[in-house]
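Each chain is listed here by its residues.
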Amino acid sequence: MSRINPDTQLEQWIDRYQNLIYSICFKLTNDYFDAQDLTQETFLSAYKNLAYFDGKNERAWLCTIASRKCLDYLKHSGRRQVPMEDQFWISCTSPRPQPEQTSVEEALRQELYSCCQKLKEPYRQVALDYFYHEYDAGEIAEKTGKNLKTIQTQIYRAKAMLRKFYRKEDLFDG
């Protein structure tokens, strides 16, 4: 690596990679302000450690620094948060569902099962597997030996048919 002024090197990196580094930081933190801060910290760290840079693949080196800065930040960010009163009480609630919630969920599952049973084959089984048993399309294709695209099409059509059943029932209830 030719001897270049560290200040000039930093300016060049910022000009070339600022948007890339910011996008990495934003993608990992999902916060505008944190991403801004971490982008600055990345370039500051690169500047401080310029003596250790071998001159090869500066983009990868900067991206690695940014990723590590973000991961460190995310590891320690939970410790910096001060819980608000609402958050405290929510965290104290039991992880078990309430009886009313369980009852409503069971009623909805029974209604879903009933509507799936009204469909004609092959849509009945695909709807039961996908919506009731919560298998993904790949698992259904593997289970049935059918092509994945066929299963995806059947799921799409079954969804449209179920939507019609639900609309009819809404008319009778209202």
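Above this text is the structure in question.
Residues numbered from 1 in each chain as written. Predicted model: local features only at pLDDT ≥ 70, side-chain atom pairs only at ≥ 80, totals over all residues. Heavy atoms only, no water.

Undergrad: It is not clear to me how the nonpolar core should be interpreted in this structure. Could you clarify?
TA: Side chains that are nonpolar tend, in soluble globular proteins, to be buried together. Trp 13, Tyr 17, Ile 21, Cys 25, Phe 43 and Leu 62 are the most contacted members of the largest nonpolar core, which has 17 residues in total. When contributions to this core are tallied by element, the ones reaching two or more residues are helix 1 (6–29), helix 2 (32–48) and helix 3 (58–80). The residues touching Ile 21, leaving out its near neighbours within four places in the chain, are Thr 39, Thr 42, Phe 43, Leu 62, Cys 63 and Ala 66. Leu 112, Cys 115, Leu 119 and Leu 128 belong to the second largest nonpolar core, which has 10 residues in total. (Core = buried A, V, L, I, M, F, W, Y, C linked by side-chain atoms within 4.5 Å. Buried < 20%, exposed > 50% of the residue type's maximum accessible area, 1.4 Å probe, protein only. Helix = DSSP H or I, 4+ residues; strand = E, 2+ residues; numbered from the N terminus. Contact = heavy atoms within 4.5 Å.)

Undergrad: Which parts of the structure should I look at to understand unusual backbone geometry?
TA: Residues apart from glycine generally show negative phi values, whereas peptide bonds are mostly found in trans. With an omega of 5°, the peptide bond between Glu 121 and Pro 122 qualifies as cis. Topologically, Pro 122 is positioned in the loop between helix 5 (99–117) and helix 6 (123–132). Positive phi values are uncommon outside glycine, yet Asn 30 reaches one of about 60°. Checked against the element boundaries, Asn 30 lands in the loop between helix 1 and helix 2. Note on Asn 30: relative accessible area 61%, which makes it exposed.

Undergrad: What exactly am I supposed to notice about the packing of aromatic side chains here?
TA: Both the distance between ring centres and the angle between the ring planes are used here to describe each pair of aromatic rings. Scanning the entire structure with this criterion turns up eight aromatic pairs. What links up through ring pairs into an aromatic cluster is the set Tyr 22, Phe 26, Tyr 32 and Phe 33. (Phe/Tyr/Trp six-rings, centres within 6.5 Å; stacked < 30°, edge-to-face > 60°.)

Undergrad: Looking at this model, I keep getting lost on the side chain of Asp 129. Mind explaining?
TA: Mapped onto the secondary structure, Asp 129 falls in helix 6. Excluding residues that lie within four positions of it along the chain, Asp 129 makes contacts with Glu 134, Tyr 135, Ile 140 and Lys 143.

Undergrad: Looking at this structure, I do not really get the packing of helix 6 against helix 7 (residues 137–144). What am I missing?
TA: Helix packing geometry: the angle between the two helix axes and the distance between the axes. Orientation of helix 6 relative to helix 7, taken along the N-to-C sense of each, is 135°, at an axis distance of 10 Å. Accordingly, the angle class assigned to the pair helix 6 and helix 7 is oblique. The two elements helix 6 and helix 7 cross, and the hand of that crossing is right-handed. Within the contact between the two elements, helix 6 uses Gln 125, Val 126, Asp 129 and Tyr 130 and helix 7 uses Ala 137, Ile 140 and Lys 143. (Axes fitted to C-alpha atoms, helices over the stretch in contact; angles between N-to-C directions. Parallel < 35°, antiparallel > 145°, perpendicular 65-115°, else oblique. Left-handed = near helix turned anticlockwise from the far one by under 90°.)

Undergrad: Can you walk me through helix 1 in this structure?
TA: For helix 1, spanning 24 residues, the distance from its first C-alpha to its last is only 29 Å, which falls clearly below the expected 34 Å at 1.5 Å a residue. Of all the residues in helix 1, the buried ones are Gln 9, Leu 10, Trp 13, Tyr 17, Ile 21, Ile 24, Cys 25 and Thr 29. One or two steps after helix 1, the chain reaches Asn 30, where phi turns positive at roughly 60°. (Expected span 1.5 Å × (residues − 1).)

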